[in-house]
Structure formats: structure tokens, C-alpha cells
Amino acid sequence: MVTDAAVMADSPVVALEEALREWRGAERPFSPAALARLDATESFPVAACGALDSAGLPAYYVPVQHGGRLAEFPQVVAMLRAVARHDLTVAIAHGKTFLGAVSVWVSGSPEQARWLGEQITGGAVVCWGLTERGHGSDILAGDLTAERVDEGWRLDGEKWLINNATRSQLMCVLARTSSNGGPRGFSLFLVDKRELPADRVRPTAKIATHGIRGADISGFTVHDVVLPPTALVGEPGTGSETVLKALQLTRTACAALSLGAGDHALRLATSFARHRRLYGRQVAEMPLARDLIGRAAAGVLLAEAVAAVTTRAVHVLPREMSVLAAVCKAFVPTMVQETIGQVAELLGARGYLTEVFEHGEFAKLDRDHRLVGIFDGSTLVNRQMLITQFTRLGRRYGAVDPTVADRLAGLVSGPLPAFDPGALTLTSASGCGLALAVPGLLHRIREQDSGDVGWKGLLADFELACADVHTAIAAHRPTSGMPGADAFALAERYELCVAGAACLLIHAHRLGDGVPSVVLRACLELAVSRLVPGRSGDDEVFDILAEHALAASGPLALFSGDWGEMPW
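A. Local environment of helix α2 (residues 32-40). Among the residues of α2, those classed as buried are P32, A34, L35 and D39. The buried residues of α2 occupy one face: seen down the axis, they fall within an arc of 160 degrees. At its buried positions, α2 is contacted by α5 (88-107) and α10 (361-369). Immediately downstream of α2, the backbone of E42 shows phi near 55 degrees, a positive value.

Next up, the structure:
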């Protein structure tokens, strides 16, 4: 068993994956049977979270400049994906500390950040107190107040539906500091619950949920709690701005949860197909089953393409994260939920039986994953974020720039610059460079694969679809109030353009021929099939992908999978 944090120093993702496989043994912390029992009794996964603590995972929630080991954002996403691949409840319960601390990494003072880093690496759990009863995602409607007093700030009010609200020792709380509210009417506070009078902080009882049943989803009420001046994060009135910037990171991190769930669903699907026999043959031999598996695998890999470029954009294109994070948070959970639905169709009754197939893991991950689309802004909230930026997103599309693939290379490979939180912006002045790069990427790929007939029609259909989407975005006129259904549908189509562009960019570089062309073609086929309903595509690529998924000994992944002898 991994018990020394130093074990993860050289190759943290690989070491964690190996430890997780070991912990799946009977009576171990990640034993499927044990996790199923915890879910049935709605009990917190104490042992599993403790194992992750002993392996040193909390240190990767803390940037290196604040005393931790987080140097590259893709690394923590890969580690959370590895945990989610085994159990979403554990990943959500443990990873919440990273989400709770991000606001301090974005806007806290060096002293605050260093202190918080020491607390987290020492085992402290952090929650993020944003939401309240009746206000949903509208953080500017919050009623919990912080009033300036001689001793500092006095907190009064309630936060509700907060992950780890009861189990945490530290809270990052958004509070109204101006009676008028508004964008400059809220501030953030880092609160040490251990220093508060017990009679003035009352936890809300654990709230029953359909998924992640064992997680600590609760809340708290504070009354006449006085905080020192040093509890303020950033300047007074900057709380909502800090939260919106922090959400660009947390929404991207949520992709890890979905990708892990997708990996888990594919493992269950391929295991079932290999071992279940119907009508005298393996399910894996049946054309419909193979098509389902191939399309499900393509869905997870397409989601991974979006997540991969977005996690690297944290370092490479931080000024465009308001767009890319919104695309990632809307697209990845939606695509993975579709994949889970396809696996449910394949498994049939066994997907819902708790004592017949894999300890009921599929039914649990299905329930658990449905909540990921709600975390840190729902799908509709993120699409509305895109709609508010349509004016910029529709500009300058159409120019063919042959150098664009090289200029965007940092989104798929190479060393990453240090993350600069000060470069995050609330909106992207330049739109989305990846989507605007589509004409240039198409030019590059046509030069690379001039003889590949399989790409030609697919690229032509994608080119027309992207041009249509950008034309519609450029013609869109903002309206007061909530956007109409047509605007949300257009935002969904824009996500597919970005997803396809991510595939093109990866294909243009291929990381030393590490990602087979046919894999990226399957991903792009899936995106184009949604952009062009009724299109007659190339189903063979899904059969090829299914064959590999059924033969693979581990999870499929664009950059770390063993693609073996697949056709190129």
C-alpha cells in the first residue's frame, strides 16, 4: 500500500493509478463491494479519502509557489480522473479541497496562500461556500452578509448545498458586503472553523441526494461571527470577480470527474460484452454492440480532446479561459452522459441490478455523474456564458492561416509556462483562437493527408458546418433578459466546433505519431454527425475503435493509451 507521499514525486499520475489498482482488492479502501455498501448506507468514504491523503494527493491541490506540488494544471486533472475512474463519490469528496482553495490561489495574498497551502498539505479539508437556498447559481443574490466592524468583519447568514460543509476545517465564503449587492457588492473570506465559537456556527444536516449519496452535501449557518481583517481574500468588493475567475479553473477541473466516469463506463461495457453470451455467441461479436461501444469510446475521447486543450490553455491562453472553460464544462459532462446512456442500452437489466453485475457499479456511476453537469455552474449557465460573448466569438472567422497550428502547439504538447492567475479575465477580448483556427488547421491537415480519402468528405462537412455556425453567431443580436432557445442551441453547436477544432489540432501534431489518425477521425465523425444531422458518415472507424476498446487492458486515452497495432 502506498503510504509515503514521496512515492508520487517522480511520476505522480502513474504512481496514483498503481495505488488505486492495489486499493481495489478485497477489504481495501477502493474495493467495489465496500464502496457499494457505503453508497447503500449513504456513508462517507472515510477510508478511501484517507488512502488518498496518505498518498500525498492533497499536495497536488497546492501550487508549488505556495508550498505544494502543483506545477501544471493538467497533472491534477489527470490525477482526479484516475480517482473518478474508480469512484466518483470519492473523487468529488476529496477533490473539493482543490475547488475550495482556488479563490485564494487566484486573489489571496502571498501570506494567505502560503498558510492555506500548509493547512492543506497537513490534511485540512476546504469547502467553498457559494450557494444559498432559493438562489441557485445566482451568486449575486446571496444573503449571507459580512459587515465591517472594529475587529474585522462580522458574518451572518446561511450557505446551503455545500460539498464538505460539515467535514471541512476551512471555508472560503462569499458574502454580501454592500447592502445594494451588485458586482462590487460581495467579498470573499477564508474562514478557519476551528477558531470560531461553537455556539455561533451550526451545521446543516446532510442533505439526501440521488447520486454521490455518501458525500457530505450539507451547509452551515453563522451568527454574529467576527473574523479578523486577515480573513478577507483580495480587496473588498472583488469577491464575485474572483469567483468568476476561479470558476474558470474549477469548471475545467470538473472535466476530470466526467472523463473518469466515462472510463469507468467503458470498462464495464467492454467487460460485459466480452463475458456475456447471447444466442450462442459473445455480445462483443454482435454488430450493434460493437457500434455502441465504438461510439461510446469516441464520445469519451472527444470529450478528452476538449479537456486536454482546455487544461493546457490555463497556462498557454489564460485570457481565453472564459470561453474555453465554459465550453469544457458544458460539453464534457454532456458528452460523457450520452456515453453512459449508450452503455446503459448495452447492459440492459444488468446495468440496474446491484448484486448481479459488478456490485451495481454502473447504476451508481450513472447516478453520481448526473450531478457533475450541475457543479460549478450548470450546462445552461455555461452556455449562457458563451452567448454573452457571441459578439466576439463571431468575429474574424474564415481567414486561412497556415501557421496557426504551430502557434497553437502549446495547447497539445511541449513544456508549459507557469500559470499566471493575474492573466485570467472575465471575458475574452480575442474570442476563441482555437475555433478561429479551423480554416488554417484544415489547410494543414489536407496537406498532411492529401491521399487519405477517409478524411476528405469529413473535413469538407466540418468546414461548412463551422462556417455556418460562425455566420449565425455573427448575426446574433443580444436581447434583454434570458436568451432564447435558439441561442442556447447555437451555443451547443459552437461547442461541437471547438471540439472538432481540438481534434484537428491534435491531428496536426499527433505527438510524434502517438495518436492514430483513425482515432481522431472517429472523434471528428462523432462531432460532425451532431453538427450535420442525417449525414451519412464512416461507421467503420467506430468498429475499429470498438475492436481496440475490447482488446485494451486499460482505459482508452488520447495521450497515454497504448494504441498498439491500430490502423493509422
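B. Seen up close, the nonpolar core. One finds Y494 and L504 to be the most contacted residues of the largest nonpolar core, which totals 173 residues. Not counting residues within four places of it along the chain, the set of residues in contact with L504 comprises V438, L441, L442, I445, W455, L459, F462 and L524. If you look at the next biggest cluster of nonpolar residues, it comprises 20 residues, including A165, M171, L196 and A231.

C. Broad picture of the pattern of salt bridges. Overall, the coordinates contain 33 salt bridges when judged by the stated rule. Ionic pairing is found between E338 and R530, a salt bridge with its closest N-O pair at 2.5 Å. One end of the pair, E338, is in helix α9 (residues 321-347); the other, R530, is in helix α18 (residues 517-531), and 192 residues separate them in sequence. A relative accessible area of 29% means that R530 is categorised as partly exposed. Salt bridges linked by common partners bring E17, R81, R85, D263 and E304 together as one network.

D. Broad picture of the packing of helix α7 (residues 239-275) against helix α8 (residues 287-316). Two elements in contact, α7 and α8, have axes whose closest approach is 10 Å; the angle formed by their N-to-C orientations is 160 degrees. By the angle between their directions, the pair α7 and α8 is classed as roughly antiparallel. When you trace α7 past α8, the crossing you get is left-handed. Of the residues in α8, those touching α7 at L249, T252, A255, L259, G262, D263, L266, A269, T270 and A273 are I293, A296, A297, V300, A303, E304, A307, T310, T311 and V314. For the contact of α7 with α8, the per-class residue count stands at 13 nonpolar, five polar and two charged.

About the criteria used
- Residues numbered from 1 in each chain as written.
- Predicted model: local features only at pLDDT ≥ 70, side-chain atom pairs only at ≥ 80, totals over all residues.
- Heavy atoms only, no water.
- Buried < 20%, exposed > 50% of the residue type's maximum accessible area, 1.4 Å probe, protein only.
- Helix = DSSP H or I, 4+ residues; strand = E, 2+ residues; numbered from the N terminus.
- Arc of directions from axis to C-beta.
- Contact = heavy atoms within 4.5 Å.
- Core = buried A, V, L, I, M, F, W, Y, C linked by side-chain atoms within 4.5 Å.
- Salt bridge = Lys/Arg side-chain N within 4 Å of Asp/Glu carboxyl O.
- Axes fitted to C-alpha atoms, helices over the stretch in contact; angles between N-to-C directions.
- Parallel < 35°, antiparallel > 145°, perpendicular 65-115°, else oblique.
- Left-handed = near helix turned anticlockwise from the far one by under 90°.
- Nonpolar A, V, L, I, M, F, W, Y, C, P; charged D, E, K, R; others polar.

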